[in-house]
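Structural overview for review
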Amino acid sequence: MTSLLITGIGELTTNDEERGAASGDLGRIRDAAVVVEGDRIAWVSAAAEAPAADERFDADGRAVLPGWVDSHTHMVFAGDRTDEFEARMAGEAYAAGGINVTVDATRAASDDELLAGLDRLADEALRGGTTAFETKTGYGLTVEDEVRSARIASTRADSVTFLGAHLVPAGSDADEYVSLVCGEMLEAVAPLVDSIDVFCERGAFDEAQSRRVLEAGRDAGLALRVHGNQLGEGPGVRLAVELGAQSVDHVAFVSSDEIAMLAESWKTDARGTVATVLPACDLSTRMPLAPARDLLDAGAVVAIASNANPGTSYTTSMGFCVATAVLQMRLTVAEAVRAATLGGAIALGLDGEIGRVRVGDRADLQMLDAPSVTHLAYRPGVPLTSAVWQRGQRVV
């Protein structure tokens, strides 16, 4: 097995609690080195103590950190919603019904077209430092098209989520459609996915319908996720915590009681519910930014994700999301980087595998053309990722 020594690292972010990450410093090591063997991290410490390896890469003082873990995306789709975006920028309010435009285009697309679109976005994300991502179904909304989306998603994604409950298809009865989602559709899709999600929001699915979907998914052995509290106050956060969802995503409209509920979920159980914030989506829909600062201050676990999708957040740039979280959501750089790496891993239940630079974990790394992760917010909009290793192989 070939080993690689990455040395000359000016600042290494490990997210390793044993190195102080729990106190907020990201477990940073100055003048550091990492040894990779196969697809795993084999050694981490100061460069002066580095062992010999088969190959050597000199970071020349640049910063190295875990690859981004994007825990909420919708990358299997076809079509374009530029007109909707332009109308929203001109003052039209966002409504969930625009999803149907993408549903029609996705159903009409071939498998090859959908796979090419996924590959394009996944490759774009990889160039920006994203080494692991989740993606959802939800633009098919028939048994056949949801299965097809899940199958295509599984060719690239680290985690695939069944989102048949994304929207009630045009012309369908809501309760009858929920019965389809919880029955035949779930049974067909379940072998291809690891979690289930529901858009618990006005214009989509109410509390009773959302509960049916989540309980059916839980009974099928899937992890639970919730789109919640995006467009206004609602039951999403409460339902997610009650049912033990791995994450509740969007959380733009949450009360102090709901924030406390999310924080408390980590005090009473071995694993609580992650609050996933989607800053690019908040900006694109001109909605309030999620209260990430309040969530962290209360003790909640926060993840940052891109929500890459054609309607409300057509970006794969986790660097942009991190900069936004720092500059507009009042997170520190350390908090934002942690939320976009380890936070995403926790939201996916993969924090024993990715999100850290720790011996035994997957060798997913990115190097910045900068001496510190602080430059991610200090130089917003600049593409700083200059090298990426995924599963131990340099891919960028």
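Read on for a plain summary of the structure.

1. What to know about the overall build of the chain
Across its full length, the chain holds 13 helices and 16 strands. Computed over C-alpha atoms, the radius of gyration of the chain comes to 20 Å, within 12% of the 21 Å expected from 2.2 N^0.38 for 396 residues, which places it in the range of a compact globule. If you line up the chain on its principal axes, its C-alpha atoms span 65 × 45 × 45 Å. Residues counted as buried form 58% of the 396 residues belonging to the chain. For the chain, the proportion of contacts with a sequence separation of at least 24, taken over those separated by at least 6, is 73%.

2. Let's talk about the pattern of salt bridges
A full pass over the atoms with the stated rule returns 25 salt bridges. Between Asp 364 and Arg 362 there is a salt bridge, with its nearest N and O atoms 2.7 Å apart. Residue Arg 362 is classed as buried on the basis of its relative accessible area, which comes to 4%.

3. A word on the sheet that holds strand β12 (residues 274-277)
Here eight strands make up an open sheet; going across it, the order is β6-β7-β8-β9-β10-β11-β12-β13 and the pairing parallel. On the outer flanks of this sheet lie β6 (68-70) and β13 (302-304), each paired with one strand and no other. Mean inter-strand twist for the sheet, computed between neighbouring axes without regard to direction, equals 25°. In the sheet, β6 pairs with strand β7 (residues 130-136) via three bridges, with the strands oriented parallel. Within β7, the residue paired with Trp 68 across the bridge is Thr 130. Sheet contacts for helix α5 (residues 174-189): β8 (159-165) and β9 (195-200); angle to β8, the most-contacted strand, approximately 150°.

4. Regarding the environment of Pro 288
Take Pro 288: it is sitting in the loop between α9 (279-284) and α10 (292-298). Taking the C-alpha atoms as reference points, Pro 288 and Gly 349, 61 residues apart in sequence, are found 28 Å from one another. With residues near it in sequence (within four places) discarded, Pro 288 still touches Ala 252, Phe 253 and Asp 282.

5. Section: the pairing of β12
Because side chains alternate across β12, one face comprises the buried residues Val 274 and Thr 276, and the other comprises Ala 275 and Val 277, equally buried. Both β12 and β13 contribute to a ladder of three bridges, which runs parallel. When the sheet's bridge partners are listed, Ala 275 is paired in β13 with Val 302.

6. Regarding helix α12 (residues 333-347)
Here α12 contains 15 residues, and its C-alpha end-to-end distance of 20 Å stays within 8% of the 21 Å for a straight helix at 1.5 Å per residue. The largest bend in α12 is about 40°, located at Ala 339. For α12, the buried fraction is high: 13 of the 15 residues fall into the buried class. Remark: Gly 349 follows α12 within two positions and exhibits a positive phi of approximately 70°.

7. Concerning the nonpolar core
Of all hydrophobic cores here, the largest spans 92 residues; its most connected members are Val 251, Val 277, Leu 295, Ile 304 and Val 337. The dominant element in this core, judged by the number of residues it contributes, is α5, at seven residues. Contacts of Val 251, omitting those with residues within four sequence positions, involve Gly 228, Asn 229, Val 237, Ala 275, Thr 276, Val 277, Ala 290, Pro 291 and Leu 295. Formed by 19 residues, the second largest nonpolar core is a distinct cluster that contains Ile 6, Ala 59, Ala 387 and Trp 389.

8. Points about the packing of helix α7 (residues 236-243) against helix α8 (residues 256-268)
For the pair α7 and α8, interaxial distance at closest approach is 10 Å and the crossing angle is 20°. Here α7 lies roughly parallel to α8, going by the angle between them. Where α7 crosses over α8, the handedness of that crossing is left-handed. Only Glu 258, Met 261, Leu 262 and Ser 265 of α8 make contact with α7, whose side of the interface consists of Val 237, Arg 238 and Val 241.

9. Regarding the packing of α5 against helix α6 (residues 207-219)
The N-to-C vectors of α5 and α6 enclose an angle of 5°; their axes lie 10 Å apart at closest approach. With respect to α6, the axis of α5 lies roughly parallel. Residues Ala 174, Asp 175, Val 178, Ser 179, Val 181, Cys 182 and Leu 186 of α5 lie in contact with α6, whose contacting residues are Gln 209, Arg 212, Val 213, Ala 216 and Gly 217. For the contact of α5 with α6, the class distribution of residues is seven nonpolar, three polar and two charged.

Each value, and the rule that gives it
Residues numbered from 1 in each chain as written. Predicted model: local features only at pLDDT ≥ 70, side-chain atom pairs only at ≥ 80, totals over all residues. Heavy atoms only, no water. Helix = DSSP H or I, 4+ residues; strand = E, 2+ residues; numbered from the N terminus. Rg over C-alpha atoms; globule rule 2.2 N^0.38 Å. Buried < 20%, exposed > 50% of the residue type's maximum accessible area, 1.4 Å probe, protein only. Contact = heavy atoms within 4.5 Å. Salt bridge = Lys/Arg side-chain N within 4 Å of Asp/Glu carboxyl O. Pairing = 2+ DSSP bridges. Axes fitted to C-alpha atoms, helices over the stretch in contact; angles between N-to-C directions. Expected span 1.5 Å × (residues − 1). Bend = angle between axes of the 7 residues up to and from the residue. Core = buried A, V, L, I, M, F, W, Y, C linked by side-chain atoms within 4.5 Å. Parallel < 35°, antiparallel > 145°, perpendicular 65-115°, else oblique. Left-handed = near helix turned anticlockwise from the far one by under 90°. Nonpolar A, V, L, I, M, F, W, Y, C, P; charged D, E, K, R; others polar.

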